[in-house]
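If you want the building blocks of each chain, they are given just below.
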Amino acid sequence: MNERNERIHGVACTFRQVSDVFHAAEQVRDAGWKNWDVHTPFPIHGMDQAMGLPRSPVPRLTLLGGITGFITGCLLTWYMNSYDYPLIVGGKPYWSVIFPFPVIYECTILFAAFGTFFGQFIFNRLPHHHHPLFDLPQFSRISDDTFMIVLEARDPQFHLDESRNFLLSLGGQEITVIRD
Amino acid sequence: MANAHDSSPERPAILDRVRPAELPRSPLILNNRGFHWITDKVCAIVEEPTPLWWKVTFAAALFIASFTFVGLGYLVSTGTGAWGLRSPVGWGWAIVNFVFWVGIGHAGTLISAILCLLRQKWRTSINRAAEAMTIFAVCCAGLFPLFHVGRVWFAWWLFPIPNQNGIWPQFRSPLEWDVFAVSTYFTVSTLFWYMGMIPDLGTIRDRATTWWRKAFYSLLAMGWRGGNRQWSNFEMAYLLLAGLSTPLVLSVHTIVSFDFAVSNVPGWHTTIFPPYFVAGAIFSGFAMVLTLMLPLRAIYRLHDVINQYHIDNMCKIILATGTMVGYAYATEFFIAAYSGNSFEKFAFVNRAFGQYAWAYWIMVSCNVITPQLFWFKKVRENHSLVWIICLFVNVGMWFERFVITITSLANDYLPSSWGYYSPTIVDIFTFFGTFGFFSVLFLLFVRFLPLLPMAEVKMVTPQADPHAH
C-alpha cells in the first residue's frame, strides 16, 4: 500500500443490470483480485462462482451445534432422571436413549439452529455499524435496485488510477473513491 | 420449450411427429414490475403515515385482547374451577385452543422451510407474513398450557430446574416433550424469521429520513451491507435453517399429538395421530394465511405480487390437506372397527352419533366438505368466497380438536363415570381474546416490519437472472 492510498478504503462502481455486474465480477475474479466484493440488493444466482468464492463455512458451526445439542440432551435427561434424582417409572431402566428421545431431538435442532444463526453473524462479521461504505451517497440504492463492485485498497493489486480504469473498462457507471 | 424446436442431432425422432404442448410457467410477479417498484411498494407500507383503518383495527384488537387478560386474571385469582373442567373432562378448551393455535402456526414454517427446500418460488410473496403468523400463533398457543397448569406461579417446574425438593422434570411425560418441542419451535421460528428479515431491514434503513427511524432500523439491520460475501453465508444459513425447521415442524405437531396418543384413552391411543395432526395443522394454517393475506392484499394493492397463481396454490394445498384429513377420519373409523376392541369401536360411534354428534358433524362439514369447493377454478378466483371457505376451515379445525379432546374424555370406559362438558364464560372470553392478542401482534408487524421479503421477491423476477437477455 503506497502513501497515497493510506486513507482510502477502495474504489466503487455501480451497475444497473444483473448481467452486467455478473460478467464484470467474472473479469475481476479472472484478474486475480482477492479483496473485493459485489454489493447487490438480493443474492444473484451463480455469483459465488462468478466471484470464485469458496463454499460458505456456516455448516461447520451447524454441525458443531447439532452435536453439542445431542450431547446436551442426553446429559440433561440422564443427569436429571437417572443420576441426581433417579426416578423409577414403570420398572423401566433409569435412562435409555428411547424415552427422552423427543427432548434430545429438540435440543439437537435448537443448538444446530443457534450454530447456524450465530454462524451467519460470525462469518459475516456482523453487527458492524460503522463501515466506510455507509458514507457513500449511492450506497443507499444498493439495497434497492443498483449493483456495486468494490475493489478494496488492501488488495496487493490496488492502485488508485489503474483500478479506476479497470472498473471503467468493465462497464461500470459511477466510479467513486471510498475514503476511510 | 426451446429444446422442442432444436434441430440438434440428439433430438429424439418422436419430436418430428408430435407437437409438445407449450406449458409456460405462470409469472410470479405480474406486469413485469422492476426492483425499484418492489422496494417502493413494500417500504411504503412502513413509511406511510399510519392509516385510519390500522388505528381502528388496532384499537379493536387491543379491546378484544383484554378479554384474554381479564379472563386469565380471573382464573388465577379464583382457581381453575373458573374453567369448565370437572371430572371426567380434565382437559377442556385450554388444550383445544393450544392445539388449534399451534396448528395455525405450522403453515408458516411449511411455507418458509419445506417449500424453500422444494424450490417453490411462489412462496416468497407470502413467506414473511406467514412466518410472522407462526410466531404470533405460538405466542397465543403458549398461554393456554401455561395457565392450564393451575398454579401458574409453579410453571417453572416444567423447565429443567430443580424445585424446592430438588426434584427435576420427568422426561417420560409427553407433556414435558411438549415443553421442549414448543419452546424450540418458537425460538427457531423467531431466529429464522429475524435472519431472513435482515436484508430488508437494511433497505428500510437506507431509505430512512428521520433519525429515530434510521436508528431503529440500523440497530435491527446489524449493519448489513449486501456484499456477496455476506449473501453467500446468509444463503447457506437460510438453507440450513430451512433444513432444520422442516424436521422441527413435523416433530412439533407429532409431539403435540403424543399428548393424546401416548395415553390409554379410547379415541386417543392411535398411531395415525402424528401424520393426521401434521396434515390438519398445515390445513388450518394455510386457511389462516389466506384469511390474513387476502384483506392485506386488497388494502395495500399487492395484486401484482400476490396474484391468482399464489392464491390457487394455497387453495390447492388446502384442498389436498383437507382431503388427507378426511381420509384420516375414515381410517380412524376403519381401524376402530378392525381392532375388535369394543371401547375403541364405541369411542368412534359415539363421536358421530353420541352426545357430541353436533360437534362432529360441524367438523366434517367444515373440514371435509367445504374445501372440496376448491376443485373449481371459479371458486378459487372468487376471493370473497375463498376467504369465507377459509373461515369455515378454521372453525372446522377448532372443532376437530374439540371432538378429539372432549368426546374421548367425556365417555371413556365406565358409563358410571361419564359426563358432559360445557365451557364457562371465562373459557369463552379467554379464547375469544386470543384473536385480539394475535391481531395486536400481527398489526404491529404489518406497520413496523417489511411485510413482504423484498430481496426474495426480487430474486424470483425474470430480470434477476444473470443469463437473461
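Please refer to the structure placed before this passage.
Conventions we followed
Numbering of residues starts from 1 in each chain and follows the order in which that chain's sequence is written. As they are written, the chains are lettered A onward and the ligands numbered 1 onward, keeping that order. Local features in this predicted model are restricted to residues of pLDDT 70 or higher, and side-chain atom pairs are both shown and tallied only at a pLDDT of 80 or more, whereas totals for entire chains, interfaces and linings draw on every residue. Only the stretch in contact is used when a helix axis is fitted, and all axes are lines through C-alpha atoms; the angle between N-to-C directions ranges over 0 to 180 degrees. Working definition: helices are DSSP H or I runs of at least four residues, strands are E runs of at least two. Numbering for both runs from the N terminus. We call two directions roughly parallel when the angle between them is under 35 degrees, roughly antiparallel when it is over 145, roughly perpendicular when it lies between 65 and 115, and oblique otherwise. Helix crossings are classified by the rotation of the near helix relative to the far one: an anticlockwise turn of less than a right angle makes the crossing left-handed, while a clockwise turn makes it right-handed. Any residue pair is listed as a contact if its two C-beta atoms, each placed from the backbone, are within 7 Å. Note on residue classes: Ala, Val, Leu, Ile, Met, Phe, Trp, Tyr, Cys and Pro are nonpolar, Asp, Glu, Lys and Arg are charged, and everything else, Gly too, is polar. Between the buried cut of 20 or more and the exposed cut of 12 or fewer other C-beta atoms within 10 Å of a residue's own C-beta lies the partly exposed class, and all C-beta atoms are placed from the backbone. The criterion for strand pairing is that DSSP finds at least two bridges linking the strands in question.

Student: Help me understand the packing of helix H10 (residues 308-339) of chain B against helix H11 (residues 342-353) of chain B in this model?
Tutor: A pair of packed helices is characterised by two quantities: the angle between their axes and the separation of those axes. Residue and element names in this part refer to chain B. Two elements in contact, H10 and H11, have axes separated by 7 Å at closest approach and are oriented at 150°. Comparing their axes, H11 and H10 come out roughly antiparallel. Both H10 and H11 take part in a crossing whose hand is left-handed. Side by side, H10 and H11 meet where Glu 332, Phe 333, Ala 336, Ala 337 and Ser 339 of the first sit next to Glu 344, Lys 345, Ala 347 and Phe 348 of the second. Grouping the constituent residues of the contact of H10 with H11 by class yields five nonpolar, one polar and three charged.

Student: Would you mind showing me how to read the pairing of strand E1 (residues 8-15) of chain A here?
Tutor: Along any regular strand, the residues point their side chains to alternate faces of the sheet. Residue and element names in this part refer to chain A. With six of its eight residues buried, E1 lies for the most part within the structure. Bridging between E1 and strand E4 (residues 175-179) involves five bridges; their strand directions are antiparallel. Each bridged residue has a counterpart across the sheet, and for Gly 10 the counterpart in E4 is Ile 178. Pairing of E1 with strand E3 (residues 147-152), which is carried by six bridges, proceeds in the antiparallel orientation. Bridge pairing in E3 links Gly 10 to Glu 152.

Student: Can you walk me through the interface of chain B and chain A in this structure?
Tutor: It is common to report an interface's size as the accessible area lost on association of the parts. Each partner contributes residues to the interface: chain B has 58 residues there, and chain A has 56 residues. Going through the elements one at a time, helix H2 (35-47), helix H6 (174-207), helix H8 (228-261) and helix H16 (454-459) of chain B are the ones with two or more residues in the side of chain B that touches chain A.

Student: For this particular structure, what's the right way to read unusual backbone geometry?
Tutor: Residue A:Leu126 is joined to A:Pro127 through a cis peptide bond whose omega torsion reads -5°. By the secondary structure assignment, A:Pro127 is in the loop between helix H4 (101-123) and E3. B:Ser87 connects to B:Pro88 through a cis peptide bond whose omega is 5°. Even without a glycine there, the phi angle at B:Asn31 is positive, about 60°. Relative to the helices and strands, B:Asn31 is located in the loop between helix H1 (14-17) and H2. Not every positive phi belongs to a glycine, and B:Arg301 is a case in point at roughly 50°.

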